[in-house]
Amino acid sequence: MSSSASSDPLSLIPNFPDEDPSTYPPIQPGGSLILAWQVHNKRVILVGGGNVAATRLVHLLNADALITLIAPPAGLHPETAYRIKTHGSRITYIPRHFQPSDLGDVFSISLVLTAIDDPVASTEIYTLCKKLKIPVNVADVPPECDFYFGSVHRDGPLQIMVSTNGNGPKLAAMIRRKVADSLPKDTGEAIVKVGELRKKLRGIAPGKGEGGQEDGVDEPGLRDLGI
Ligand SMILES: C[C@@]1(CC(=O)O)c2cc3[nH]c(cc4nc(cc5[nH]c(cc(n2)[C@H]1CCC(=O)O)[C@@](C)(CC(=O)O)[C@@H]5CCC(=O)O)C(CC(=O)O)=C4CCC(=O)O)c(CCC(=O)O)c3CC(=O)O
Ligand SMILES: NC(=O)C1=CN([C@@H]2O[C@H](COP(=O)(O)OP(=O)(O)OC[C@H]3O[C@@H](n4cnc5c(N)ncnc54)[C@H](O)[C@@H]3O)[C@@H](O)[C@H]2O)C=CC1
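So, how was this worked out
- Residues numbered from 1 in each chain as written.
- Chains lettered and ligands numbered in written order.
- Predicted model: local features only at pLDDT ≥ 70, side-chain atom pairs only at ≥ 80, totals over all residues.
- Heavy atoms only, no water.
- Core = buried A, V, L, I, M, F, W, Y, C linked by side-chain atoms within 4.5 Å.
- Buried < 20%, exposed > 50% of the residue type's maximum accessible area, 1.4 Å probe, protein only.
- Helix = DSSP H or I, 4+ residues; strand = E, 2+ residues; numbered from the N terminus.
- Phe/Tyr/Trp six-rings, centres within 6.5 Å; stacked < 30°, edge-to-face > 60°.
- Lys NZ or Arg CZ within 6 Å of the ring centre and 35° of its normal.
- Near = heavy atom within 4 Å.
- Polar contact = N/O pair within 3.5 Å; in protein donor to acceptor, adjacent residues only side chain to side chain.
- Areas by Shrake-Rupley, 256 points an atom, 1.4 Å probe, with all protein chains shown as cover.
- Nonpolar A, V, L, I, M, F, W, Y, C, P; charged D, E, K, R; others polar.
- Axes fitted to C-alpha atoms, helices over the stretch in contact; angles between N-to-C directions.
- Left-handed = near helix turned anticlockwise from the far one by under 90°.
- Contact = heavy atoms within 4.5 Å.
- Salt bridge = Lys/Arg side-chain N within 4 Å of Asp/Glu carboxyl O.
- Domains from an automatic or database assignment.
- Buried area = accessible area lost by both parts, 1.4 Å probe.
- Pairing = 2+ DSSP bridges.

Novice: I keep staring at the nonpolar core and nothing clicks. Help me out?
Specialist: Grouped burial of nonpolar side chains is what soluble globular proteins tend to show. Within the largest apolar cluster, 18 residues are counted, with the highest numbers of intra-cluster contacts made by V44, L46, L60, I67, L69 and I91. Looking at this core, the elements that each hand over two or more residues are strand 1 (43-47), helix 2 (51-62), strand 2 (66-70) and strand 4 (109-114). The element best represented in this core is helix 2, accounting for four residues. Of all hydrophobic cores here, the second largest spans 15 residues; its members include V47, F98, Y126 and L128.

Novice: Whenever I open this one, the packing of aromatic side chains confuses me. Can you help?
Specialist: The relation between two aromatic rings is expressed through the spacing of the ring centres and the mutual angle of the planes. Here the structure, examined in full by the defined rule, presents two aromatic pairs. Site record: aromatic cluster; members linked through ring pairs are W37, F147 and F149. When the ring centre of F149 is taken as reference, the NZ or CZ atom of R56 above it lies at 3.9 Å.

Novice: Would you take a moment to explain the site of ligand 2 for this structure?
Specialist: Lining the immediate surroundings of ligand 2 are 19 residues, of which G49, V52, G75, F98 and D140 lie closest. At 2.8 Å from an oxygen atom of ligand 2 is found a main-chain nitrogen or oxygen belonging to G75. Within the backbone of F98, a nitrogen or oxygen atom sits 3.0 Å from a nitrogen atom of ligand 2. Taking 870 Å² as the accessible area of ligand 2 by itself, protein coverage stands at 69%. Among the elements that line the shell around ligand 2, the one with the most residues is helix 2, at three residues. Considered class by class, the residues forming the shell around ligand 2 number 10 nonpolar, six polar and three charged.

Novice: What should I look at first to understand the packing of helix 2 against helix 3 (residues 78-86) in this one?
Specialist: Helix packing for two helices is described by the angle between their axes and how far apart those axes are. At a closest axis distance of 8 Å, the pairing of helix 2 and helix 3 adopts a crossing angle of 35 degrees. Crossing of helix 2 over helix 3 shows left-handed handedness. Contact residues: A53, A54, L57, V58 and L61 in helix 2; E79, T80 and R83 in helix 3.

Novice: Mind showing me how you'd approach the pattern of salt bridges here?
Specialist: When the charged atoms of two side chains with opposite charge come close together, those side chains can pair. On inspection of all chains with the given rule, the structure shows three salt bridges. Of the charged contacts, one joins D102 and R96 as a salt bridge, the two residues approaching to 2.6 Å between their closest N and O atoms. The exposure class assigned to R96 is partly exposed, which follows from its relative accessible area of 26%. In this structure, D146 engages K130 in a salt bridge whose closest nitrogen and oxygen atoms are separated by 2.7 Å. Here D146, found in the loop between strand 5 (136-138) and strand 6 (151-155), pairs with K130, found in helix 4 (residues 119-132); they are 16 residues apart in sequence, far enough to count as distant. For D146, a relative accessible area of 41% translates into the label partly exposed.

Novice: Honestly, the domain arrangement of the protein chain in this entry has me stumped. Any pointers?
Specialist: Accessible area lost upon the coming together of the parts is a frequently used measure of interface size. Once the domains are mapped, the protein chain shows domain 1 (43-149), domain 2 (150-183) and domain 3 (188-210 + 218-227). Placing the centre of domain 1 and that of domain 2 at their C-alpha centroids yields a distance of 23 Å. With four residues of domain 1 in contact, the opposing surface of domain 2 contributes five residues. Contact with domain 2 buries area across many residues of domain 1, yet N62, Y148 and F149 alone supply 78% of it, more than any other trio. Scanning the region where domain 1 abuts domain 2 turns up zero salt bridges.

Novice: Got a minute to help me understand the sheet that holds strand 1 in this structure?
Specialist: Sheets are built from strands that pair by backbone hydrogen bonding, the pairs being arranged parallel or antiparallel. The strand order across the open sheet built from five strands is 3-2-1-4-5, with neighbouring strands paired in parallel fashion. The open sheet has two edge strands with one neighbour each: strand 3 (91-94) and strand 5. Ignoring which end each strand starts from, the neighbouring axes of this sheet average 15 degrees apart. Where strand 2 lies against strand 3, four bridges are found, and the strand directions are parallel.

Structure representation (structure tokens):
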């Protein structure tokens, strides 16, 4: 091993005499990593067919996921039943209780969501997912969630998610409504236009329009769009 590789890595970091750390964002530990997870054409297992499952289906269908929904027919919420019937190409319906073999094809499964009224079965599914290293959300049981859902505003390509990190889901919904109400009605449409413009700019000058001002192509600001 060379001597530089074995020395203290911190001693290798150069000095930045002009830096002003007060301009860096402050760190507030204890939050979530909020991402826009791409599940387009990826397999998501949804266990349960009630009211909460119906809300999960909206999110999953909006994100173009391929869904396997496992729930006995007697427990289906009308909205869940409607989605199964109208989105047959996206939703594979398995009309029974969950069985461990439902996670047999482990490498094809991106996520597991449970929304069931049976805490014992929930914990069993959670434990199995951990064994198989599949990310899982157990509705209602924060310690059994690798990720939480949030309250989402959707307007075309615009998605805004509010999270209170488990402190107040209803409050999250109230804040989401307030944020949405503060935006002009045609915000989504305006963002579609920005997307089209950026695509065109890339066609004219490949590589431009991706890095903001530095590459000489300014993305339109809100005022340019009438927002
Ligand atoms: C941790 C988390 C895990 C997760 O589910 O991912 C979680 C956990 C729990 N929810 C509970 C209850 C309710 N949750 C809602 C609603 C929503 N819950 C959502 C998310 C989350 N809920 C995650 C944290 C998100 C955050 O903090 O921001 C929303 C935002 C998104 C969504 O689920 O899609 C969605 C609103 C969407 C919208 O309307 O926009 C309602 C209201 C209703 O259904 O109308 C009630 C009943 C009323 C009440 O109790 O307030 C309970 C207590 C159960 C009990 O005590 O029995 C727990 C467990 C606990 O807190 O310990
Ligand atoms: N966002 C959140 O975190 C929220 C979570 N909840 C919780 O989510 C859970 C589900 O709530 P709801 O949809 O209102 O309940 P629900 O009673 O309407 O639906 C439960 C569904 O699970 C199915 N089910 C039960 N055991 C099953 C199994 N072993 N395999 C497959 N399916 C099974 C039932 O047939 C039914 O379709 C409850 O624990 C509830 O307290 C409720 C509100 C919000």
